[in-house]
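So you can see what is in the structure, the chains are spelled out below.
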Amino acid sequence: MGLIGLALAAIAVWALVRLGRQTERRGRAHWRVTATLLGSVLLAGGALAAFRGAWLAAAALAGAGLYLAWSSRIRSVVRSEPISDADARAVLGVRAGANEAEIRAAWKRAMARAHPDQGGTEGLATRVNAARDRLLKRRGSS
């Protein structure tokens, strides 16, 4: 029984680490939390069934657990809405007549804060990129 307890503890630690990394919108995060926990329970049940010699049940439970764990990792693509020139300047914090170098420097500063790896969100990073693209296209067409 000690090996089963160790396996369940490892799965619980894995689930808690995954749950701590949730960064998307509220409804989707609840699905991912539920799928992670249910997948963990199914994997543990599969391990328990395998230890008892019920190979068919073990394969079914492990397969269902792996499917839930895999499907909960799929993230939807965040799309940006059209952004006006004034909104783009406000997002990046540049003046109306900013040149390309100022726009790129402001984008770099904003992206350092908005990037998901730095504590920002995918939506915010997408908006910062959309603001940069809008201002650079405007400058290129003028």
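None of the values given here were measured: they were computed from a predicted structure. (Residues numbered from 1 in each chain as written. Predicted model: local features only at pLDDT ≥ 70, side-chain atom pairs only at ≥ 80, totals over all residues. Heavy atoms only, no water.)

K.L.:
Describe the overall build of the protein, and please don't skip the residues or the numbers.
P.N.:
Helix and strand counts for the protein come out as 6 helices and 0 strands. Along the protein, helices and strands appear, N-terminal first, in the series α-α-α-α-α-α. The proportion of buried residues among the 142 residues of the protein is 27%. Of the roughly 9,300 Å² of accessible surface on the protein, 62% is carried by carbon and sulfur atoms. (Helix = DSSP H or I, 4+ residues; strand = E, 2+ residues; numbered from the N terminus. Buried < 20%, exposed > 50% of the residue type's maximum accessible area, 1.4 Å probe, protein only. Areas by Shrake-Rupley, 256 points an atom, 1.4 Å probe, with all protein chains shown as cover.)

K.L.:
Tell me about the environment of Trp14, and please be specific about residues and values.
P.N.:
When you line up the elements, Trp14 lands in helix α1 (residues 2-19). Distance from Trp14 to Thr36, taken between C-alpha atoms, is 9.4 Å for residues 22 residues apart in sequence. Residue contacts for Trp14: discarding those within four places in its chain leaves Thr36, Ser40 and Ala69. (Contact = heavy atoms within 4.5 Å.)

K.L.:
Break down the packing of aromatic side chains for me, with residues and values.
P.N.:
Within the structure shown, the criterion is met by 0 aromatic pairs. The ring of Trp107 carries Arg132 above its face, with NZ or CZ at 4.6 Å from the centroid. (Phe/Tyr/Trp six-rings, centres within 6.5 Å; stacked < 30°, edge-to-face > 60°. Lys NZ or Arg CZ within 6 Å of the ring centre and 35° of its normal.)

K.L.:
Any details on a nonpolar patch on the surface? Residues and values, ideally.
P.N.:
A surface patch of nonpolar side chains, amounting to about 340 Å² of accessible area, comprises Leu3, Leu6 and Phe51. Take Leu3: it is sitting in helix α1. Leu3 gets classed as exposed once you look at its relative accessible area, which sits at 54%. (Patch = residues over 30% accessible without salt bridge, like charges linked within 9 Å, V, L, I, M, F, W, Y side chains within 5 Å. Salt bridge = Lys/Arg side-chain N within 4 Å of Asp/Glu carboxyl O.)

K.L.:
Could you give an account of the pattern of salt bridges, naming the residues involved and the relevant values?
P.N.:
According to the stated counting rule, one finds 4 salt bridges in the structure shown. In this structure, Asp85 and Arg134 form a salt bridge, with 2.8 Å as the shortest nitrogen-oxygen distance. Residue Asp85 is found in helix α4 (residues 85-92), and its partner Arg134 is found in helix α6 (residues 122-141); the two are separated by 49 residues along the sequence. Judged by relative accessible area, Arg134 falls into the partly exposed class, the value being 37%.

K.L.:
Go over the nonpolar core, please, and point to the residues and values.
P.N.:
Formed by 16 residues in total, the largest nonpolar core has its most connected members in Leu92, Val94, Ile103, Val128 and Leu135. For this core, the secondary structure elements donating two or more residues are α4, α5 (100-114) and α6. Among the elements that line this core, the one with the most residues is α6, at 6 residues. Leaving out residues up to four positions away in the same chain, Leu135 has contacts with Asp85, Ala88, Arg89, Leu92, Val94 and Ile103. (Core = buried A, V, L, I, M, F, W, Y, C linked by side-chain atoms within 4.5 Å.)

K.L.:
Let's hear about the side chain of Arg132: which residues, and what values?
P.N.:
Positionally, Arg132 belongs in helix α6. Given the relative accessible area of 17%, Arg132 is considered buried. Side-chain polar atoms of Arg132 contact the side chain of Asp133, separated by 3.0 Å. Among all residues touching Arg132, those that are not within four sequence positions of it are Leu92, Ile103 and Trp107. (Polar contact = N/O pair within 3.5 Å; in protein donor to acceptor, adjacent residues only side chain to side chain.)

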